[in-house]
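The chain contents come next:
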Amino acid sequence: MTLNQLKLKAMTYLFSKFDRKPDLDFKDSYCFKSRFHNVNLFSLSKKATEIIDKETHLEVIVADWYLETLEDEKTNRKAKECERLQELYYLSKKVEDETKES
């Protein structure tokens, strides 16, 4: 399978723009604010990740092979982190929408 075919199998997450830390990026990875206790930042490989900057949020597309659980892991920490950042985005969006309606 080619890299392009692997990228076709991907997970798309919506993140708040506030969780992105571009000034802390590494050469080969994007940096984000972490939602895990006692962890400040986490990164996603640029080879496995595409970021689309929308007006109100970021669309983060991550190749599924990058988020696969390894044999010695119960869950993939990066996949869990992506889920938490998306949950936080949805929660903040809901609060923002409710505030506008009031």
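Right, let's walk through the structure included here. (Residues numbered from 1 in each chain as written. Predicted model: local features only at pLDDT ≥ 70, side-chain atom pairs only at ≥ 80, totals over all residues. Heavy atoms only, no water.)

## Quick notes on the overall build of the protein chain
Part 1 of the argument: Broken down by element type, the protein chain carries 3 helices and 5 strands.
Part 2 of the argument: Along the protein chain, helices (α) and strands (β) appear in the sequence α-β-β-β-β-β-α-α when read from the amino end.
Part 3 of the argument: Expressed along its principal axes, the backbone C-alpha trace of the protein chain runs to roughly 50 × 30 × 25 Å.
Part 4 of the argument: Taking all 102 residues of the protein chain together, the buried fraction comes to 31%.
Part 5 of the argument: Summarising the internal contacts of the protein chain: among those between residues at least 6 apart in sequence, 50% fall at separations of at least 24.
Part 6 of the argument: Accessible surface, the protein chain as shown: approximately 7300 Å² in total, 52% of it carbon and sulfur.
Part 7 of the argument: Treating the 19 positive side-chain charges of the protein chain as one cloud and the 20 negative ones as another, the clouds have centres 3 Å apart. (Helix = DSSP H or I, 4+ residues; strand = E, 2+ residues; numbered from the N terminus. Buried < 20%, exposed > 50% of the residue type's maximum accessible area, 1.4 Å probe, protein only. Contact = heavy atoms within 4.5 Å. Areas by Shrake-Rupley, 256 points an atom, 1.4 Å probe, with all protein chains shown as cover. Lys, Arg positive; Asp, Glu negative; His and termini not counted. Charge placed at Lys NZ, Arg CZ, Asp CG, Glu CD.)

## Observations concerning the nonpolar core
Part 1 of the argument: Of all hydrophobic cores here, the largest spans 16 residues; its most connected members are Phe15, Phe32, Leu44, Val60 and Val62.
Part 2 of the argument: Looking at which element gives the most residues to this core, the answer is strand E5 (residues 58-63), with 4 residues.
Part 3 of the argument: With residues near it in sequence (within four places) discarded, Phe15 still touches Phe32, His57, Leu58, Val60, Cys82, Leu85, Gln86 and Tyr89. (Core = buried A, V, L, I, M, F, W, Y, C linked by side-chain atoms within 4.5 Å.)

## Points about a nonpolar patch on the surface
Part 1 of the argument: On the surface, Leu88, Leu91 and Val95 cluster together to form a nonpolar patch covering roughly 240 Å² of accessible area.
Part 2 of the argument: Looking at the element boundaries, Leu88 is found in helix H3 (residues 77-101). (Patch = residues over 30% accessible without salt bridge, like charges linked within 9 Å, V, L, I, M, F, W, Y side chains within 5 Å. Salt bridge = Lys/Arg side-chain N within 4 Å of Asp/Glu carboxyl O.)

## Considering the packing of aromatic side chains
Part 1 of the argument: Scanning all chains against the criterion turns up 5 aromatic pairs.
Part 2 of the argument: Seen in terms of ring centroids, Tyr89 and Tyr90 are 5.8 Å apart; in terms of plane orientation they differ by 50°. Their pairing is tilted.
Part 3 of the argument: Assessed through its relative accessible area of 7%, Tyr89 is described here as buried.
Part 4 of the argument: Among the residues examined, Tyr90 registers a relative accessible area of 45% and is labelled partly exposed.
Part 5 of the argument: Taken together, Tyr13, Phe15, Phe32 and Phe42 form an aromatic cluster joined through their ring pairs.
Part 6 of the argument: Here Arg20 stacks its cationic end above the ring of Phe32, 5.5 Å away from the centre of that ring. (Phe/Tyr/Trp six-rings, centres within 6.5 Å; stacked < 30°, edge-to-face > 60°. Lys NZ or Arg CZ within 6 Å of the ring centre and 35° of its normal.)

## Description of the environment of Thr12
Part 1 of the argument: Turning to its location among the elements, Thr12 is positioned in strand E1 (residues 10-15).
Part 2 of the argument: Owing to a relative accessible area of 42%, Thr12 belongs among the partly exposed residues under this scheme.
Part 3 of the argument: In this structure the C-alpha to C-alpha distance between Thr12 and Gln86, which are 74 residues apart in sequence, comes to 9.6 Å.
Part 4 of the argument: For Thr12, the residues in contact, after removing those within four places along its chain, are Glu59, Val60, Ile61 and Gln86.

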